[in-house]
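These are the residues of each chain, in order.
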Amino acid sequence: MKKLALLFAGLSLFVATGCNDDGDNTMEYPLVGVWQPLKEVVTTVEVGEEPVSDLITYTDCEKESRWRFNTEASGKRTRNGDIGTTTPQCTIISDQNFTYTYDRSAKTVVIKYQGIVEPSNGKIITLNDTTLNLSVREETQDPTVYKTRTYTMRRIPQ
């Protein structure tokens, strides 16, 4: 009887610990979707100097711009802006198709705009159900100057 009770206790312990989920329970949100840009920060770093950051707040018209990341690794970036001096009209000022590769584990995005040879290398700073912070490195003519643009965007429900 003691052996049976010991066996039952051992099996109960095995079942209780065998179902333990040691995995990361954080939810992963997809990059795929439509994003509304809200602002951007341009950071310039010169070798040997302190970084300088400039905040660019978007107008209501610029906030009508969209970044679309499709499931088939393609997308479209539409930029809006005010045209005219007396009574400005909000209009699309550029429409760029792109392809992208997204490495979820490294949180990197490489965007290749149609007609542009150099890809844009980006890093996902924040990605959740409502917010995307995408930092994109820009190439400069001076090898001692580094520039990044960090876009803050909000997911638009579809």
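Residues numbered from 1 in each chain as written. Predicted model: local features only at pLDDT ≥ 70, side-chain atom pairs only at ≥ 80, totals over all residues. Heavy atoms only, no water.

As named in an unreviewed UniProt entry, the chain is Lipocalin-like domain-containing protein, taken from Chryseobacterium shigense.

> Is there a simple way to think about the state of the cysteines in this case?
Covalent bonding between the sulfur atoms of two cysteines is what defines a disulfide. For the structure shown, the criterion picks out one disulfide. Between the sulfur atoms of C61 and its disulfide mate C90 the distance is 2.0 Å. Sign of the S-S torsion, about 90° for the bond between C61 and C90, identifies this disulfide as right-handed. Placement of the pair is C61 in the loop between β2 (52-57) and β3 (66-69) and C90 in strand β5 (residues 89-103), with a sequence separation of 29 residues. (Disulfide = S-S within 2.5 Å. Helix = DSSP H or I, 4+ residues; strand = E, 2+ residues; numbered from the N terminus.)

> Looking at this structure, how should I read a negative patch on the surface?
A contiguous patch of negative charge, built from E46, E49, E50 and D142, is present on the exposed surface. Structurally, the position occupied by E46 is in strand β1 (residues 33-46). Accessibility expressed as a relative area gives 42% for E46, which makes it partly exposed. (Patch = residues over 30% accessible without salt bridge, like charges linked within 9 Å, V, L, I, M, F, W, Y side chains within 5 Å. Areas by Shrake-Rupley, 256 points an atom, 1.4 Å probe, with all protein chains shown as cover. Salt bridge = Lys/Arg side-chain N within 4 Å of Asp/Glu carboxyl O. Lys, Arg positive; Asp, Glu negative; His and termini not counted. Charge placed at Lys NZ, Arg CZ, Asp CG, Glu CD. Buried < 20%, exposed > 50% of the residue type's maximum accessible area, 1.4 Å probe, protein only.)

> Just checking my understanding: could you explain the packing of aromatic side chains for this structure?
Geometry of an aromatic ring pair is reported as the spacing of the ring centres plus the angle between the planes. Scanning the model with the defined rule gives six aromatic pairs in all. Considering the side-chain rings of W67 and F69, the 6.3 Å spacing of their centres and the 20° angle between planes classify their relative orientation as stacked. Comparing W67 with F69, the two get one shared label, buried. Ring centres of W67 and Y151 lie 5.1 Å apart, and the angle between their planes is 55°; this geometry places the pair in the tilted category. Within this pair, whereas W67 is found in strand β3, its partner Y151 is found in strand β9 (residues 145-156), the two being separated by 84 residues in sequence. No difference in accessibility class separates W67 from Y151, as the two residues are buried. Through pairs of rings, three or more aromatic residues link up here, namely W67, F69, F98, Y100, Y113 and Y151. (Phe/Tyr/Trp six-rings, centres within 6.5 Å; stacked < 30°, edge-to-face > 60°.)

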